[in-house]
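# Chains, contacts and geometry: an overview
Okay, here's what each chain looks like letter by letter:
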Amino acid sequence: MKVWILGGDGFCGWPTALHLSAKGMDVTILDNLSRRQIDVLLEVQSLTPISPIGVRLDAWKKVSNKSVGFEYIDIANEYDKLVQLLKQYKPDVIVHFAEQRAAPYSMKSSTTKRYTVDNNVRATHNLLCAIVDSGVTAHVVHLGTMGVYGYGWSGSAPIPEGYLKVTLDTPDGQLEREILHPANPGSVYHMTKTLDQLMFAFYAKNDQLRITDLHQGIVWGTQTKETALDEKLINRFDYDGDYGTVLNRFLMEAAVKHPLTVHGSGGQTRAFIHIRDTVRCVELAILHPPEAGDKPRIFNQVTETYKVKQLAELISKMTGAKISYVKNPRNEAKDNELIVQNNQFLSLGLNPTTLNDGLLEEVKDIATRYASRIDKTKIPARSLWNK
Ligand code: NAD
Ligand code: USQ
């Protein structure tokens, strides 16, 4: 099976590319390396020492005897090249990770807001339009986010996998319908993911594209079986105030004896998934495509939910780190419930890695091991939702 990984140099894309290659798929990464360039501009680096893409690919060949291809392309801005590559490769599956993914970065300034919208919306639309233009019949697997549902809108009602059953009163009686769950984004980044959903619905209906949208929670952890084979294959670990996500940040803070930075009261409940389960979920989604003519298939790609303060308490107990309740830079609900349906992946055989299984390994093998690479001045979250 020929698989393209758009954004395959990134945190989720790189381990996914290796996992699918290890499973015998013929993998090519397409990436414009913009994430590495953003690190240069923010004057920060991954906690882990990530190798240049060429070194990564050579190292993979050495340890696995398998080749992963690479095409340097900006999906949002090089449309003709994208169509030409589609005609040349004719991929069976396209996994789409190629978006600007940090909510704080997207809210940093008018420049980063506009970049995030331009990059993400154009990348997704270029991909869908180019598939139609080139005549390939690839199944698109997109990495979306739990944040499209928003937090707290439905109280304690479980969040369904993408679609909500509603009943409409009409003069002729009641009408049952299934609609996309209402969108309720909490940042410009999350807003682009809600726009992606509408584009998927349109292209599935109008052009019979086969599309799977994975509404993923916050990814934690660093290594997968494949990235751990050689240090040159190590995965990225973002810790800075813009790109670091909450659990990985708490692990890094504990390693350098920085107080754990809980935003506000810490009552925010979020959904989590380990990177090892991310790669497995993408594989399961590839193996279970929708039919042409179906509406996009939506999975909730999450395994556990926690309140931010619960995470801080857990890590504090494990490491002795202090907890600091800082003023929340974001505009978000202080406290919310979050009950998420995730039956589809579980029924396809996903066996989740829980915090209990993986936390200690992260503290020891990653956060403590690479602690000397941390620039403490980059820890505070400085991007404000409202100035
Ligand atoms: P990342 O920033 O590490 O990786 C994204 C990759 O896409 C980078 O290598 C970047 O260079 C590339 N890219 C961006 N724009 C591009 C363009 N126009 N053309 C070509 N390449 C481009 O992010 P990640 O954490 O790996 O996230 C990947 C996807 O998964 C994102 O769409 C994100 O929204 C989604 N997601 C991530 C998380 C998480 O916790 N990391 C959670 C839920 C969903
Ligand atoms: N938070 C803290 N302290 C910190 C960092 C964050 O309390 O030091 C809080 C935030 O205020 C927020 C929660 O932790 O309430 C989650 O923040 P985050 O940065 O870990 O996650 P988020 O901004 O939601 O974004 C991340 C990924 C994004 C993905 C999303 C999935 O960057 O790509 O889409 O998780 S989800 O949250 O399910 O929408």
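It should be noted that the structure appears before, not after, this text.
Read on for an overview of the structure. (Residues numbered from 1 in each chain as written. Chains lettered and ligands numbered in written order. Predicted model: local features only at pLDDT ≥ 70, side-chain atom pairs only at ≥ 80, totals over all residues. Heavy atoms only, no water.)

## Thoughts on the site of ligand 2
Stated precisely, the cut-off is as follows: Working definition: residue near molecule or strand if any one of its non-hydrogen atoms lies within 4 Å of it. For the purposes of these results, a polar contact is taken to be a pair of N or O atoms within 3.5 Å, where, inside protein, one atom must be able to donate a hydrogen and its partner to accept one; residues adjacent in sequence count only when each atom of the pair is a side-chain atom. Reported accessibility uses the Shrake-Rupley method at a 1.4 Å probe radius. Residues are deemed covered only where the shown protein chains occlude them. Only DSSP runs of H or I reaching four residues or more are called helices, and only runs of E reaching two or more are called strands; each is numbered from the N terminus. Each residue gets one label: Ala, Val, Leu, Ile, Met, Phe, Trp, Tyr, Cys and Pro are nonpolar, Asp, Glu, Lys and Arg are charged, and the others, such as Gly, are polar.
As a structural note, the neighbourhood of ligand 2 is formed by 23 residues, with Thr145, Tyr189, Val246, Thr261 and Glu332 the closest of them. One nitrogen or oxygen atom from the main chain of threonine 261 is found 2.6 Å from a nitrogen atom belonging to ligand 2. In this structure, glutamate 332 approaches ligand 2 through a side-chain N or O atom, which is 2.7 Å from an oxygen atom. In isolation ligand 2 exposes 740 Å². Once the protein is present, 96% of that is buried. For the shell around ligand 2, the secondary-structure elements that each account for two or more residues are helix H7 (188-207), helix H8 (246-255) and strand S10 (260-263). Residue contributions to the shell around ligand 2 peak at three residues, all from S10. For the shell around ligand 2, a count of residues per class yields eight nonpolar, 10 polar and five charged.

## Here's the deal with the sheet that holds strand S1 (residues 2-6)
For clarity, the threshold we go by: Only when DSSP finds a minimum of two bridges between them are two strands counted as paired. Here, axes are lines fitted to C-alpha atoms. For helices the fit covers the stretch in contact, and angles between N-to-C directions go from 0 to 180 degrees. Whether two residues touch is decided by their heavy atoms; if any such pair falls within 4.5 Å, the residues are in contact.
Strands sit in the order S3-S2-S1-S4-S5-S8-S12 across an open sheet of seven strands; the sheet is parallel. Each edge of the open sheet is held by one strand with a lone partner, namely strand S3 (69-72) and strand S12 (297-301). Here the average twist between neighbouring strands, direction ignored, is 20 degrees. Inspection of the sheet shows strand S4 (residues 93-96) paired to strand S5 (residues 139-145) by four bridges, in the parallel sense. If you follow histidine 96 over to S5, its bridge partner there is histidine 142. Along the sheet face, helix H9 (residues 275-287) touches S1, S4, S5, strand S8 (211-216) and S12 and points at about 145 degrees away from the line of S5.

## Examining unusual backbone geometry
Glycine aside, negative phi is the norm for most residues, and most peptide bonds take the trans geometry. One non-glycine residue, lysine 90, lies in the positive phi region at around 45 degrees. Mapped onto the fold, lysine 90 is located in the loop between helix H4 (79-89) and S4. Although it is not a glycine, glutamine 208 sits at a positive phi angle of roughly 55 degrees. Take glutamine 208: it is sitting in the loop between H7 and S8.

## Observations regarding empty space enclosed by the protein
Quick note on the threshold: Here a cavity denotes a set of grid points, spaced 1 Å apart and computed over the protein atoms alone, in which a 1.4 Å probe fits but from which it cannot get out, and a pocket denotes an open set meeting protein on both sides within 12 Å along at least five of seven lines; residues with an atom within 4 Å of a point are reported as lining. Grid points are joined across faces, edges and corners, and a volume is the space filled by probe spheres set on the points.
Taken as a whole and assessed by the stated rule, the structure comprises one cavity of 30 Å³ or more. Taken together, Tyr149, Gly150, Tyr151, Gly152, Trp153, Ser154, Gly155, Ala157, Ile159, Glu337 and Leu338 form the lining of the largest cavity. Of the residues contributing to the lining of the largest cavity, the split by class is six nonpolar, four polar and one charged.

## Quick look at the pattern of salt bridges
Rules: Salt bridge, as applied in this entry: a Lys or Arg side-chain nitrogen positioned within 4 Å of an Asp or Glu carboxyl oxygen. To sort residues, take the accessible area from a 1.4 Å probe on protein chains only and compare it with the maximum for the residue type: under 20% means buried, over 50% means exposed, and anything in between is partly exposed.
In the structure shown here, the tally under the stated rule is 17 salt bridges. Among the salt bridges present, the one from arginine 101 reaches aspartate 238, with a minimum N-O distance of 3.0 Å. Taken as a pair, arginine 101 in the loop between S4 and helix H5 (103-106) and aspartate 238 in the loop between strand S9 (218-220) and H8 lie far apart in primary sequence, 137 residues in all. Residue classification places arginine 101 among the partly exposed residues on the basis of a relative accessible area of 29%. Among the residues examined, aspartate 238 registers a relative accessible area of 7% and is labelled buried. Of the charged contacts in the structure, one is a salt bridge between glutamate 253 and arginine 249, with a shortest N-O distance of 3.8 Å.

## Describing the layout of surface pockets
Approximately 230 Å³ is the volume attributed to the second largest pocket. Every residue lining the second largest pocket is listed: His19, Thr224, Lys225, Glu226, Arg276, Asp277, Val279, Arg280, Gly349, Leu350, Asn351 and Thr353. Take the lining of the second largest pocket: its biggest share by element is four residues, from H9. Grouping the constituent residues of the lining of the second largest pocket by class yields two nonpolar, five polar and five charged.

## A few points about the site of ligand 1
Around ligand 1 sit 28 residues, and of these Cys12, Asp31, Asn119, Tyr189 and Lys193 come closest. Between ligand 1 and lysine 193, the relevant distance is 2.7 Å, taken from an oxygen atom to a side-chain nitrogen or oxygen of the residue. Here ligand 1 has 820 Å² of accessible area as a free molecule, and 97% of this is covered by the chains. Every element with two or more residues in the shell around ligand 1 is listed here: helix H2 (34-42), S5, H7 and S9. Residue classes in the shell around ligand 1 are distributed as 12 nonpolar, eight polar and eight charged.

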